[in-house]
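# Coordinate analysis (summary)
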Amino acid sequence: MIGEWLDIGWAHEIPARGSRTVPVEGGEEIAVFRTGDGKLFALLNRCPHKGGPLSQGIVHGHSVACPLHNWSIALATGQAQGEDKGCTPTIPVKIDGGRVLICRASTLKAAA
Amino acid sequence: MDFQEYRAGEAQAVGAESASRSAAAPREHLVLIGNGMAGCRAIEELLARDPARYRITIFGAEPHVNYNRIMLSPVLAGEKSFDDILINGPDWYRDSGIELIAGDPVTAIDRAARTVTSRAGRTVGYDRLLIATGSDPFIIPVPGNDLPGVISFRDMKDVDAMLMAAEAGKAQGGGSAVVIGGGLLGLEAAHGLTLRGMKVTVLHLPGTLMERQLDEAAGWLLKTALEARGQTILTGADTAEIYGDGQVEGVRLKDGREIPASLVVMAVGIRPSVALARAAGLEVGRGIRVDDHMVTSDPAILAVGECVEHDGQVYGLVAPLWDMCRSLADGLTGRANPYRGSVTSTKLKVAGLDVFSAGDFSGAGAGCEDIVLRDASRGVYKRLVLQEDRIIGAVLYGDTADGSWYFDLLRKGESVAGLRESLIFGQAFASGGGQADPKAAVAALSDDAEICGCNGVSKGQVVSCIAKGARSLDAVRGACKASASCGSCTSLVESLLVLTLGDEVQTGPKTMCPCTSFTHDDVRREIVAQGMTSIPEVMQRLHWTTPDGCASCRPALNYYLLCAWPGDYVDDQQSRFVNERLHANIQKDGTYSVVPRMWGGLTSPRELRAIADVVEKYNAPMIKVTGGQRLDIFGIRKEDLPAVWADLNAAGMVSGHAYGKALRTVKTCVGSEWCRFGTQDSTGLGVRIEQMSWGSWMPHKFKIAVSGCPRNCAEATIKDFGVVCVDSGYELHVAGNGGIHVRATDLLCKVATEQEALDYCAAFIQLYREEARYLERTAPWVERVGIDHVKARIVDDGIGREALRARFLHSQSFSQEDPWAQRAAGGASEQHAHMAQFKPVSMEEMA
């Protein structure tokens, strides 16, 4: 039986204002972020600008600055902010008993 | 592109308030058609003379407030945002009592009834009417010129269309665009589209790019430079057809060549927009005919800008607008100030390409002579055309610093007989001295010399604005807009501030970032004064406006705290830029490059074998010798970094810090041990300096070199700290830089012994660490504080020097621990390892 949610580990394994990655076999990587206020977000690990790995960016507020060209991406929507245009797919994420769960269907769709 | 739109309805609401407020005063009603640069500038000039004289209504076709059209190129190139190029925000209209009707163009003028009617059916009466409709792009009459995907480059809507095309192209692995027209506008469009990731072909009918502004030599240099940036430039290209089925698919030339493209930008020229004026029965030639005060054939109607014809001339550049608007405003307020036409100059707004042209350079006139300077290695070409000892034309490529001086001489028609011999070498040289002193050059400019071409501000206006109390760059920008647009005249404005105010200039109270109102220097001072020891504490006590800062301030605060409290402060990894967090250099594909330290550039068979083994074991696709005499291994994945480091550690190598705001490398030549010219052991000294200084975090990267003799093979005079060995000792040089702005070092002093060279080096590094702002290299830092300050602290003050050296060594006692070894031993594994891996049951699910 295939569940709707994927259990990827403990929330505390993601550093605050940091990110961890989840590679999807045969597809692209997912980045899971934890912000300074403890909220979790999951996005495709790819900046809409030049494909930079967002997981390696500096997380501030509910945004991440892409490490390649400093585009600021809103973690909740995946939208590039300010004058930049583009969007990274987002994946629903939730915490259950301290475990981080990401939506299986969205992960497959984003990583494809 | 995200900008505020003003629908006609909202604009009316804004205006209604001001209309009722002014209803009591029986003022004449001035209606402006065209909310562009010329029209609004005219209104500004008018308000500056007599703010109460007219009630003003502005109709604009575009749904925005007024913006600086010539700055659309930087917006397309991603260097500016739309907000950056706004000239007047909604406040200006409101505060000036102007009713703005944006997004609703005027479609008819009834001169007999003195009314205008808009597309939405609004009819408004006028006492005076000002037409500033600008110009329309010329669309070449070829089949397919109306296909979707064919656009011009005229307004914000066109920029949006280009950005969308670039975005759509990205999804298909990079789109293709054709720009028809290799003039100023076409090349700026091509540049912007190239930066946005499109493959761009420029089609230009004449044989020379920008043939109206450049001669053949400069045109060729420009073409070569643009081709080097990846553009395809086809000159002599005659468009036959734009083809496509319901959408542009490409351009076919008359010689049969086809260039596929999903976007065609038509930039072959502009035509004055005169349809409205012609329909109203005004006298129209190439443009709307006006007199010297911009009055048309109907005395109640004026016209200004690109839509007018004055004395047989039409203008398509921005500079004439400023003169026209002054004459217009004087005329409207009852003062005589006839407009006499303009001489124009041109600058290309393409980053890194300096092109300037002014006047006549065809060289065809009788008695014309040319002065030409070519410097092939610098890519500089300068040509002045003289007639009877006066400059009548100038073309500058690669070095345009003297453009404003030549243009000033040209406009005034001054005799240059006395300067003839040295004229081409520029103002600083021609005015004697030979040493370029930018301040003297600015001081020598006349009051009406143009400082800011984007906003039409003269030297006299900047100076008077400073005299009225603007004491900083920001204040000048706010008061008269000089240098507020493209910023290329910033240094001129700063020089004027210094000339006018001397020491009273408030230099750049630039705040650290938008999260705070404090400057770098304020924050640093308070960290020490208040004993603050963590980033959250600094943000709390200094009233940060964001919860946890931004990508600019966090790395800076982390550094300032690290520098203030060595050994006590716990480095915040999440406030480090990725390279410093992963101790390797991120590359465009998300992999990393790894540079092991090679002390003084020395290596050994064992090290080379270990590097070769790593390259093979991890299939590194490339290995390269760096400019700093190290080896750079490319293409390592973040998961593999700890294992790579473990292998390199095993051969005795440690982190090379090629990724850090830190001591990078000490480059050396072979010195007295081998070289027949060597005077001292430059290699040995280099190794000892590197052993002393490696691992130290700094405001920015820091490069050192040691040369064994004045032949200077290690290029020590473009390093942050350079040692040049001589027979009698060691010359110590500081604050050099390769990079974008090459700067040779300043000589700090000469010392007799190797130990002194080491001590002075340590003291200099510590002074830089404590006083420079984050991301400020030594070169701009020393230019800011002055080499005399550095000499006073390092050379003249022996006790101070020793204290600096001691503080540096104390700090080093905590920082010389190999970060690679810590990671190789499993430290901070969360930075490298994946959190989990997901293997879908079947691949089909991914479709």
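Worth saying up front: this structure is predicted, and the values here are computed from it rather than measured.

Moving on to the overall build of chain A. A tally of helices and strands in chain A yields one helix and 10 strands. Counting from the amino terminus, helix and strand elements in chain A follow one another as β-β-β-β-β-β-β-β-β-β-α. Here chain A, with 112 residues, has 50% of them falling under the buried criterion. When contacts within chain A are restricted to residue pairs at least 6 apart in sequence, long-range pairs at least 24 apart make up 42% of them.

Helix and strand content of chain B: 27 helices and 38 strands. Relative to its full complement of 847 residues, chain B shows a buried share of 45%. Sequence separation of at least 24 residues holds for 63% of the intrachain contacts in chain B that already meet a minimum separation of 6.

What follows concerns the interface of chain B and chain A. Facing the 32 residues of chain B at the interface are 41 residues of chain A. When grouped by side-chain class, the residues that make up the side of chain B that touches chain A number 17 nonpolar, seven polar and eight charged.

Residues and elements named next belong to chain B. You will see that Asn619, though not glycine, has its phi angle at about 50°, which is positive. With respect to the secondary-structure elements, Asn619 resides in the loop between helix 20 (605-617) and strand 32 (622-625). The residue Leu775 is not glycine, and still its phi comes out positive at about 70°. Along the chain, Leu775 falls in the loop between helix 23 (754-771) and helix 24 (778-785).

In an α-helix, one turn spans 3.6 residues; hence positions three or four apart end up facing the same way. Residues and elements named next belong to chain B. Its 12 residues place the ends of helix 15 (residues 490-501) 16 Å apart at the C-alpha level, agreeing with the 16 Å of an ideal helix rising 1.5 Å per residue. Residues Leu492, Val493, Glu494, Ser495, Leu496 and Leu497 constitute the buried set of helix 15. Residue Gly502 follows helix 15 closely and has a positive phi angle near 60°.

Turning our eyes to something else, we now look at the sheet that holds strand 3 (residues 30-34) of chain A. Pairing within the open sheet is antiparallel, and its four strands lie in the order 2-3-4-8 (chain A). Whereas interior strands pair on both sides, the edge strands pair on one side only; in this sheet they are strand 2 (18-22) and strand 8 (90-91) of chain A.

Residue and element names in this part refer to chain B. With their axes 10 Å apart at the nearest point, helix 13 (residues 459-467) and helix 14 (residues 473-480) run at an angle of 115° to one another. Considering the angle they form, helix 13 stands roughly perpendicular to helix 14. For the pair helix 13 and helix 14, the sense of crossing is right-handed. Contacts between helix 13 and helix 14 involve Gln461, Val462, Cys465 and Ile466 on the former and, on the latter, Val476, Ala479 and Cys480. For the contact of helix 13 with helix 14, the residue count by class is six nonpolar, one polar and no charged.

Here we come to the nonpolar core. Core analysis: the largest hydrophobic core is formed by 139 residues, its most contacted members being Ile131, Val264, Val265, Ala303 and Val304 of chain B. Taken domain by domain, this core gets at least three of its residues from each of domain 1 (8-136 + 272-332) and domain 2 (150-268) of chain B. Discounting residues that sit within four places of it in the chain, Val304 of chain B has contacts with Ala38, Gly39, Ala42, Leu130, Ala132, Met294, Met324, Cys325 and Leu328 of chain B. Membership of the second largest hydrophobic core comes to 121 residues, among which are Ile14 and Leu54 of chain A together with Val706 and Ala772 of chain B.

Attention now goes to the sheet that holds strand 30 (residues 585-586) of chain B. Strand order in the open sheet made by the four strands is 30-31-33-32 (chain B), with antiparallel pairing throughout. In this open sheet, the two strands that pair with only one neighbour each are strand 30 and strand 32 of chain B.

In this section: the environment of Gly379 of chain B. Residues and elements named next belong to chain B. Note that Gly379 resides in the loop between strand 25 (368-375) and strand 26 (380-387). With 15 C-beta atoms packed within 10 Å, Gly379 lands in the partly exposed category. In this structure, the C-alpha to C-alpha distance between Gly379 and Gly398, residues 19 residues apart in sequence, is 5.9 Å. Setting aside its immediate chain neighbours within four residues, Gly379 contacts Leu221 and Gly398.

Residues and elements named next belong to chain B. Within the secondary structure layout, Ala716 lies in the loop between strand 35 (702-707) and strand 36 (721-726). We classify Ala716 as buried; it has 28 C-beta atoms within 10 Å. Distance from Ala716 to Gly736, taken between C-alpha atoms, is 8.3 Å for residues 20 residues apart in sequence. The contact partners of Ala716, leaving out residues within four places of it in the chain, are Ala705, Val706, Ser707, Gly722, Val723, Val724 and His733.

This paragraph deals with the pairing of strand 26 of chain B. Residues and elements named next belong to chain B. Of the pairings in the sheet, the one linking strand 25 to strand 26 comprises eight bridges and is antiparallel in character. When the sheet's bridge partners are listed, Ile371 is paired in strand 26 with Leu384. Pairing between strand 26 and strand 27 (residues 390-397): seven bridges, direction antiparallel. Paired with Val385 across the bridge in strand 27 is Gly393.

Residues and elements named next belong to chain B. Listed in full, the buried residues belonging to helix 21 (residues 641-650) are Leu641, Pro642, Val644, Trp645 and Leu648. All buried residues of helix 21 project into a common sector of 155° when viewed along the axis, lining one side. Against the buried residues of helix 21 lie helix 19 (578-582), strand 31 (592-594), helix 20, strand 33 (631-636) and helix 27 (819-824).

Glancing now at the environment of Pro137 of chain B. Residues and elements named next belong to chain B. With respect to the helices and strands, the residue Pro137 is situated in strand 10 (residues 135-137). Along the backbone, Pro137 and Ile270 are 133 residues apart, and their C-alpha atoms lie at a distance of 4.3 Å. Apart from the residues within four sequence positions on either side, Pro137 is in contact with Ser152, Arg154, Met266 and Ile270.

This paragraph deals with the pairing of strand 4 (residues 40-44) of chain A. All names here are of chain A. Extensive coverage of strand 4 is indicated by the burial of four of its five residues. Sheet topology places strand 3 next to strand 4; five bridges connect them, and they run antiparallel. Residue pairing for strand 4: Val32 is matched across the bridge by Ala42. The pairing of strand 4 with strand 8 spans two bridges and is antiparallel. From the neighbouring strand, Leu43 faces strand 8, where its bridge partner is Thr90.

Time to look at the packing of helix 13 of chain B against helix 15 of chain B. Residues and elements named next belong to chain B. Closest axis-to-axis distance for the helix 13/helix 15 pair is 10 Å, and the angle between their directions is 50°. If you check the angle between helix 13 and helix 15, you find them oblique. The interaxial crossing formed by helix 13 with helix 15 has right-handed handedness. For the pair helix 13 and helix 15, the contacting residues are Lys459, Val462, Val463, Ile466 and Ala467 in the first and Val493, Leu496, Leu497, Thr500 and Leu501 in the second. Partitioning the contact of helix 13 with helix 15 into residue classes produces eight nonpolar, one polar and one charged.

A few words now on the confidence of the model for chain B. Residues and elements named next belong to chain B. When pLDDT is averaged along chain B, the result is 87; 92% of the residues meet or exceed 70. Note on residues 1-24: pLDDT under 50 across the span, and 42 contacts to partners over four residues away in sequence or across chains. For this predicted complex, the interface confidence score (ipTM) comes to 0.93, while the overall pTM stands at 0.52.

Scoring rules and cut-offs
- Residues numbered from 1 in each chain as written.
- Chains lettered and ligands numbered in written order.
- Predicted model: local features only at pLDDT ≥ 70, side-chain atom pairs only at ≥ 80, totals over all residues.
- Helix = DSSP H or I, 4+ residues; strand = E, 2+ residues; numbered from the N terminus.
- Buried ≥ 20, exposed ≤ 12 C-beta atoms within 10 Å, placed from the backbone.
- Contact = placed C-beta atoms within 7 Å.
- Nonpolar A, V, L, I, M, F, W, Y, C, P; charged D, E, K, R; others polar.
- Expected span 1.5 Å × (residues − 1).
- Pairing = 2+ DSSP bridges.
- Axes fitted to C-alpha atoms, helices over the stretch in contact; angles between N-to-C directions.
- Parallel < 35°, antiparallel > 145°, perpendicular 65-115°, else oblique.
- Left-handed = near helix turned anticlockwise from the far one by under 90°.
- Core = buried A, V, L, I, M, F, W, Y, C linked by C-beta atoms within 7 Å.
- Domains from an automatic or database assignment.
- Arc of directions from axis to C-beta.
- pLDDT = per-residue confidence, 0-100.

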